[in-house]
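Overview (structure and organization)
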Amino acid sequence: MRRKLTWLAMVCGASVFSHATYAQSWQATAGAQSQDKGRQALAFLPNEIWIHAGETITWTFPTDEPHSVTFLKPGQVRPSFTAGCPGTTPDGSGFDGSVCVNSGRITTVGTNYAVTFPSPGNYRLVCLIHTNMTGLVHVLPPSEPLPHDQGFYDHQAARERHDLLSDHAAQPNSGEEEENSLIDKHAIIVGTGKLVSTPGGIQSVSLMRFMQPTITIHAGETVEWDSSDVSGHTITFGQEPPNVTPQTPPSANVFADPDGARHAIIDSTSDSVHSGFIAQAGHERGGVPQAPAPVAQVQPPVGVSRFRVTFTTPGTYPYICAFHDGLGMTGQVIVEP
Ligand SMILES: [Cu+2]
């Protein structure tokens, strides 16, 4: 009886393996999010995959935060997502390294984008929206065995999704004491996040929230927003500039303080102020690890991690992150006399 069960297990194992050997189509995802959309895994899941030449990988986009699936030509300077390859290439495009392939900025949850790989090689996968979101596709000759089947990748992706989205390192509350001192300073933490490196590339997780969404001050006082996130954000009051990108400059009423922070003065609830791109200082110093591929990075023209607003007039002042308000990244400043 025991011998028979062992034999059955071997047959099952063999059939799973042969199924993987002949798989023509592979599934992966671009990004993952928590139920309230606040926590965003900026990651290809899985971010390293081995397939045979001639096979296809289909990426699904399950998040409200947009991503792209992009394969640049070797040595191609990383373009902005608005520039693309230039442009986008259709679903089902083939990539062999000779021509750039780009899904473009996918904003619709549930979109699929497939890429076929006719030739063996190792191909770097990037998201043009998030610098720290990369992956690797290994395309082997059909004669070579593949190390994993789809079930392996599904399991790995589920585990990484869980690890990234439940990551305590990105929790907003780092201690009551610190929070109280921040309230004394009228300081608001703008998102939190961290980078994770894997053999296939770089992933990150960001909490797309203002950590003290409502703050109450007195007229004449100043609020400071501090970014410690690997993702960039904005602080935007009133009318937001059209088609905001990381390159969109601050509004004309924003000036620089002696310490380099940006600063604006708001006198009325009808004032409009746009901070421009605010990100942790690692962005400017190059302290953030970059993708290992020889892909030149175009960084946003930034390096500003602090933004201040002085409020002269009592009232309620709602504001948003122009990139992530759709994920719930909003706040308000209540100014008392
Ligand atoms: Cu944001």
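What you see as residue numbers is a count from 1 along each chain, following the sequence as written. It should be noted that, the model being predicted, local features are given only for residues of pLDDT at least 70 and side-chain atom pairs only at 80 or more, the latter also being counted only at that level, while totals for whole chains, interfaces and linings use all residues. The side-chain quantities take in all heavy atoms of the structure and omit both hydrogens and water.

**Things to note about the sheet that holds strand β13 (residues 214–218)**
Applicable threshold: Here, strands pair whenever DSSP counts at least two bridges between them. Numbering of helices and strands runs from the N terminus; a helix is a DSSP stretch of H or I covering at least four residues, while a strand is a stretch of E covering at least two.
Pairing in this open sheet of 5 strands is mixed, and the strands run β13-β21-β20-β15-β18 from one edge to the other. The open sheet is flanked by β13 and β18 (273–274), the only strands paired with a single partner. Relative to β18, strand β15 (residues 236–237) runs antiparallel, the two sharing 2 bridges. Across the sheet, residue Phe 237 finds its bridge partner in β18, namely Val 273.

**Section: the coordination of the copper ion**
In plain terms, the rule: Donor criterion used throughout: N, O or S atom within 2.8 Å of the metal, extended to 3.2 Å for Na, K and Ca. Water excluded; incomplete-looking sites may result. Only protein chains enter the accessibility calculation, which uses a 1.4 Å probe; a residue whose area is less than 20% of its type maximum is buried, one above 50% is exposed, and one in between is partly exposed.
In this structure, His 233 (ND1), Cys 321 (SG) and His 324 (ND1) serve as the protein donors to the copper ion, at separations of 1.9 to 2.2 Å. Written as a sequence motif, the donor arrangement for the copper ion is H-x87-C-x2-H. Classification of Cys 321 by relative accessible area gives buried; the value is 0%. Relative accessible area serves as the criterion here: at 4%, His 324 is assigned to the buried category.

**Describing the confidence of the model for the protein**
Put simply, the rule reads: What pLDDT conveys is the predictor's confidence in a given residue, as a value from 0 to 100. Two residues form a contact once any of their heavy atoms are found within 4.5 Å.
Here the protein averages 84 in pLDDT, and 81% of its residues register 70 or above. pLDDT under 50 marks residues 1–21. Its contacts with residues more than four places away, or in other chains, come to 6 contacts. Throughout residues 283–302 the model reports pLDDT below 50, and contacts reaching past four residues in sequence, or to other chains, amount to 42 contacts.

**Here we look at unusual backbone geometry**
The bulk of non-glycine residues show a negative phi, and the bulk of peptide bonds are trans. Cis geometry marks the peptide bond from Leu 45 to Pro 46; its omega dihedral reads -5°. Its place among the elements puts Pro 46 in the loop between β2 (39–45) and β3 (48–52). In this structure, the amide linkage connecting Cys 85 to the following residue, Pro 86, adopts the cis form with an omega of 25°. The phi angle at Lys 37 is positive, at roughly 70°, despite the residue not being glycine.

**Regarding the sheet that holds strand β1 (residues 25–33)**
To be explicit about the condition: Angles shown run from 0 to 180 degrees and are taken between the N-to-C directions of axes, each axis being a line fitted to C-alpha atoms and, for helices, limited to the stretch in contact.
Judged by pairing direction, the sheet is mixed, and its 11 strands sit side by side in the order β6-β8-β4-β1-β2-β12-β11-β14-β19-β17-β16 without closing on themselves. A strand with exactly one partner marks an edge of an open sheet, and here the two such strands are β6 (93–94) and β16 (254–256). Relative to strand β17 (residues 262–266), β16 runs antiparallel, the two being bridged by 3 bridges. By the bridge assignment for β17, Phe 255 is matched with His 263. Contacts from helix α2 (residues 150–165) reach β1, β2, β11 (187–198) and β12 (201–210), with the element oriented near 155° to β2.

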